[in-house]
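If you want the building blocks of each chain, they are given just below.
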Amino acid sequence: MLKRKTDHLGEITAFVTSAQHGSFTVAAERLGLTKSAVTKSVGWPEQRLSLTLFHRAARRLSLRPDGERFLASSQHAIAILEQTETELTSHIAQPSGRLMVDGTDMQL
């Protein structure tokens, strides 16, 4: 059996974006992916968890109760990652001051 390399963060991002917009097509546009790639990404956690996270209709997605719980946890996880990135990069100083370029004095 071939083992698939997992991309949990990509799967979670596809799931959250699909849930927020109620559409795999819109999620694909927002993420710069194909609709097929988004559908597959969302399908992997469903397969891994043996759950169906979405009610799939012809033109609209809606979350099942397990999908609502997964969305809340996923959004919390993303918020933690974003906060961590902010904390880790907060010490990086932004350039400021005067810069001379080709004899022209510029303010940063």
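This text follows the structure it describes.
Let me begin by describing the structure that accompanies this report. Here the structure is a predicted model, which means the values were calculated and not measured. (Residues numbered from 1 in each chain as written. Predicted model: local features only at pLDDT ≥ 70, side-chain atom pairs only at ≥ 80, totals over all residues. Heavy atoms only, no water.)

A closer look at the overall build of the chain
As a reminder, the rule being used: For the purposes of this entry, the term helix denotes a DSSP run of H or I that reaches at least four residues, the term strand denotes a run of E that reaches at least two, and both are numbered from the N terminus. The rule is simple: take the accessible area with a 1.4 Å probe, protein chains only, and divide by the maximum for that residue type; under 20% is buried, over 50% is exposed, in between is partly exposed. Two residues form a contact once any of their heavy atoms are found within 4.5 Å. Computed by Shrake-Rupley with a 1.4 Å probe, the accessible areas treat only the displayed protein chains as cover when residues are assessed.
A count of helical and extended segments in the chain gives 4 helices and 4 strands. Ordered by position in the sequence, the α and β elements of the chain form the string α-α-α-β-β-α-β-β. Each of the 108 residues in the chain was classed as buried or not, and the buried ones make up 23%. Considering only contacts in the chain between residues 6 or more positions apart, those separated by 24 or more positions represent 43%. Surface exposure of the chain reaches about 8,100 Å², of which carbon and sulfur atoms provide 56%.

Describing the nonpolar core
Put simply, the rule reads: We call a set of buried Ala, Val, Leu, Ile, Met, Phe, Trp, Tyr and Cys residues a nonpolar core when their side-chain atoms join them within 4.5 Å.
One finds Phe15, Phe24, Val38, Val42, Phe54, Leu63 and Leu71 to be the most contacted residues of the largest nonpolar core, which totals 15 residues. If you list the elements that add at least two residues to this core, you get α1 (8-21), α2 (24-31), α3 (35-49), β2 (61-63) and α4 (65-89). By residue number, the principal contributor to this core is α1, which donates 4 residues. Once you skip the residues sitting within four places of it in the chain, valine 38 turns out to touch Ala14, Ser18, Phe24, Ala27, Ala28, Leu31 and Leu33.

Comments concerning the packing of α1 against α3
As a reminder of what qualifies: To obtain each axis, a line is fitted to C-alpha atoms, and for helices this fit is confined to the stretch in contact; angles are then taken between N-to-C directions over 0 to 180 degrees. The labels follow the angle: roughly parallel below 35 degrees, roughly antiparallel above 145, roughly perpendicular from 65 to 115, and oblique for the rest. When residue character is reported, Ala, Val, Leu, Ile, Met, Phe, Trp, Tyr, Cys and Pro are called nonpolar, Asp, Glu, Lys and Arg charged, and the others, Gly included, polar.
Packing of α1 against α3 leaves a shortest axis separation of 8 Å and a crossing angle of 110 degrees. Judged by the inter-axis angle, α1 sits roughly perpendicular to α3. Here α1 contributes His8, Glu11, Ala14, Phe15 and Ser18 to the contact with α3, which in turn contributes Val38, Ser41, Val42, Trp44, Pro45 and Arg48. Its residues assigned to classes, the contact of α1 with α3 comprises 6 nonpolar, 3 polar and 2 charged.

Considering the packing of α1 against α2
The criterion, for reference: The sense of a crossing depends on the near helix, which, turned anticlockwise from the far helix by less than a right angle, makes the crossing left-handed and, turned clockwise, makes it right-handed.
Contact pair α1 / α2: the axes reach a minimum separation of 8 Å and the direction vectors enclose 125 degrees. In terms of orientation, α1 and α2 fall into the oblique class. Remark: the crossing between α1 and α2 carries right-handed chirality. The segment α1 lies against α2, with Thr13, Ala14, Thr17, Ser18 and His21 engaging Phe24, Val26, Ala27, Arg30 and Leu31.

Some remarks on the pattern of salt bridges
Here is the rule we go by: Salt bridges are defined by distance alone: a side-chain nitrogen of Lys or Arg within 4 Å of a carboxyl oxygen of Asp or Glu.
Per the counting criterion, the structure on display carries 3 salt bridges. Its salt-bridge partner being arginine 48, residue glutamate 11 comes within 2.9 Å of it at the nearest N-O pair. Of this pair, glutamate 11 sits in helix α1 while arginine 48 sits in helix α3, placing them 37 residues apart in sequence. With relative accessibility at 2%, the residue glutamate 11 sits in the buried group. The partner of arginine 69 in a salt bridge is aspartate 66, with the nearest N and O atoms 1.9 Å apart. Here arginine 69 and its partner aspartate 66 are both found in helix α4, 3 residues apart, which amounts to about one turn of the helix.

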